[in-house]
Amino acid sequence: QHYYITNNLRMKPILLQAHERSLTKILYNKDGDLLFTASKHNLPNVWWSINGERLGTYNGHNGAIWDMAVSSDSSELVTASADQSCIIWDTETGKIVHQMPAKSPVRSCGYSLTNDILCFTTDKAMGQPCTIKFFDLRDKEQVVTNSPFRDIQVDDSKVNRMVWGTVEDYIITGHENGQICQYDWKTGERLRVDHSHESLIKDLQLSKDRTMLISASKDTTAKLFDAKTFTFLKSYKTDRPVNSAAISPIKHHILLGGGQEAMEVTTSHAKSGKFEARFFHLIFEEEIGRVKGHFGPINTLAFHPNGKQYSSGAEDGYVRIHDFDQSYYDFEYDF
């Protein structure tokens, strides 16, 4: 029996209830004062992360929101939707700056480190191939006429998640068949491919210094890689699909969330479906704690940039903001 951090965690979460359907993505802005949440409903929300007060919604999509990203100065938000479009919003006013139509649902999106380049990926659906599109936002013409300067067609397995790499040179994509790839957007070529996972990649997140990449997969594992070289570092094994994984910015902790597929859940007891958020030690790969609370699989997780808080969004439509209490910081792993 391991000594768990959460044996004496008395965290009282803030419960955010605004989404009628299951959560698909939550993220903090760079400063950590804003929390953005998106679900299979068509309205992304923004909240104060400190007290869970809702600031507003972004009205304009007609379908589920699959992914979103916020610029580093928090001035713009970009959302990828099943309504076959990608929208750039003014974060403050909630107005649409640009709406870029696609020929199939948009699955993931992201800003480069300088916020100059926007990337989004589209699904292989409706007779259209899966594509990765790059727009240079300094050239307004590209966005207005919807003509990306680089269009990469992905033939083998569709992209489910996309993140920008350690530097601005490449992006990292997680695919339906479990492979993780690096693409050079300047040339469009595929630089590296990793085949460690056996099933769909549900989430990709970088560490705060952008040197490490964690992947969450339906094959019940999360794996840690060097983000630049793709050197495999660690693996975190669970007994259920992992939907989301995050790296703590201040401690050697990995946070995993998941659970059975929503269709396979027959009981609604918070324990029975194994819907806890689980903490693992980054180096020793051992589970060090759990936090219960959701009534459905956790779909998305994020650490606050200062590492003192984390948020989780689940199939039950709730977002829970947890502020760590003192016992979390006092916890030392015995080895």
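Here, every reference points to the structure presented above.
Conventions and cut-offs
Residues numbered from 1 in each chain as written. Predicted model: local features only at pLDDT ≥ 70, side-chain atom pairs only at ≥ 80, totals over all residues. Heavy atoms only, no water. Helix = DSSP H or I, 4+ residues; strand = E, 2+ residues; numbered from the N terminus. Rg over C-alpha atoms; globule rule 2.2 N^0.38 Å. Buried < 20%, exposed > 50% of the residue type's maximum accessible area, 1.4 Å probe, protein only. Contact = heavy atoms within 4.5 Å. Areas by Shrake-Rupley, 256 points an atom, 1.4 Å probe, with all protein chains shown as cover. 1 Å grid on protein atoms, 1.4 Å probe; cavity = no way out; pocket = protein on both sides within 12 Å on 5 of 7 lines; lining within 4 Å. Points joined across faces, edges and corners; volume = space filled by probe spheres on them. Nonpolar A, V, L, I, M, F, W, Y, C, P; charged D, E, K, R; others polar. Patch = residues over 30% accessible without salt bridge, like charges linked within 9 Å, V, L, I, M, F, W, Y side chains within 5 Å. Salt bridge = Lys/Arg side-chain N within 4 Å of Asp/Glu carboxyl O. Pairing = 2+ DSSP bridges. Axes fitted to C-alpha atoms, helices over the stretch in contact; angles between N-to-C directions. Phe/Tyr/Trp six-rings, centres within 6.5 Å; stacked < 30°, edge-to-face > 60°. Lys NZ or Arg CZ within 6 Å of the ring centre and 35° of its normal. Core = buried A, V, L, I, M, F, W, Y, C linked by side-chain atoms within 4.5 Å.

Enquirer: Tell me what's going on with the overall build of the protein, and back it up with residues and numbers.
Expert: A count of helical and extended segments in the protein gives 2 helices and 28 strands. In terms of C-alpha radius of gyration, the protein reaches 19 Å, essentially the compact-globule figure of 20 Å for 335 residues. In terms of its C-alpha atoms, the protein occupies a principal-axis envelope of roughly 60 × 40 × 40 Å. Counting over 335 residues, the protein shows a buried share of 58%. Looking at the protein alone, contacts between residues at least 24 apart form 45% of all its contacts between residues at least 6 apart. Total accessible area computed for the protein in this model is approximately 14100 Å², and 48% of it derives from carbon and sulfur atoms.

Enquirer: Tell me about the layout of surface pockets, and please be specific about residues and values.
Expert: Remark: the empty space left among the atoms is shown by a probe the size of a water molecule rolled over them. The computed volume of the largest pocket comes to approximately 1100 Å³. Forming the boundary of the largest pocket are 36 residues, of which Leu27, Tyr28, Val70, Leu206 and Arg210 lie nearest the centre. Mapped onto the lining of the largest pocket, the elements with two or more residues apiece are β2 (23-28), β6 (65-70), β10 (106-111), β14 (159-164), β18 (201-206), β22 (242-247) and β26 (298-303). Among the residues making up the lining of the largest pocket, the classes are represented as 21 nonpolar, 9 polar and 6 charged. Residue assignment for the lining of the second largest pocket shows that the elements contributing at least two residues are β2, β14, β18, β22 and β26. Residue composition of the lining of the second largest pocket, grouped by class: 7 nonpolar, 9 polar and 10 charged.

Enquirer: Mind laying out a nonpolar patch on the surface, listing which residues take part and the relevant values?
Expert: Residues Trp48, Ile50 and Leu55 make up a contiguous nonpolar surface patch of roughly 310 Å² in combined accessible area. Structurally, Ile50 is set in the loop between β4 (45-48) and β5 (54-57).

Enquirer: Break down unusual backbone geometry for me, with residues and values.
Expert: The phi torsion at Asn146 lies on the positive side, around 55°, for a residue other than glycine. The topology assignment puts Asn146 in the loop between α1 (140-144) and β13 (150-154).

Enquirer: Quick one: what's the story with the sheet that holds strand β9 (residues 96-101), residue by residue and with numbers?
Expert: Sheet architecture is open: 4 strands sit in the order β6-β7-β8-β9, paired in antiparallel fashion. In the strand order of this sheet, the two ends are held by β6 and β9, each with one partner. Sheet twist, expressed as the mean angle between neighbouring strand axes with direction ignored, is 15°. Alignment of strand β7 (residues 76-81) against strand β8 (residues 85-90), held across 6 bridges, turns out to be antiparallel. Note on β8: the bridge partner recorded for Val78 is Ile88.

Enquirer: Describe the packing of aromatic side chains, and please don't skip the residues or the numbers.
Expert: Within the structure shown, the criterion is met by 18 aromatic pairs. An aromatic cluster of three or more residues is present, and its members are Phe279, Phe303, Tyr310, Phe324, Tyr328 and Tyr329. Sitting over the face of the ring of Trp66, Arg107 holds its NZ or CZ atom 4.3 Å from the ring centroid. The ring of Tyr328 carries the charged tip of Lys251 above its face, separated from the ring centre by 5.8 Å.

Enquirer: Which residues make up the sheet that holds strand β3 (residues 34-39), and what values do they have?
Expert: If you walk across this open sheet you meet the 4 strands as β2-β3-β4-β5, and the pairing is antiparallel. Edge positions in the sheet fall to β2 and β5, since each has one partner strand and no second. Sheet twist, expressed as the average angle between the axes of neighbouring strands with direction ignored, equals 20°. Taken together, the 3 bridges between β4 and β5 define a ladder with antiparallel strand orientation. Residue pairing in the sheet places Val46 in a bridge with Gly56 of β5.

Enquirer: Could you give an account of the nonpolar core, naming the residues involved and the relevant values?
Expert: Formed by 16 residues in total, the largest nonpolar core has its most connected members in Leu255, Ala277, Phe279, Val291, Phe303, Tyr310 and Phe324. When residues of this core are assigned to their parent elements, the largest contribution, 3 residues, is made by β26. Residues contacting Leu255, with those up to four places away along its chain left out, are Ser244, Ala245, Ala246, Ala277, Arg278, Phe279, Leu301, Phe303 and Tyr310. Ala80, Tyr111, Phe120 and Leu137 belong to the second largest nonpolar core, which has 15 residues in total.

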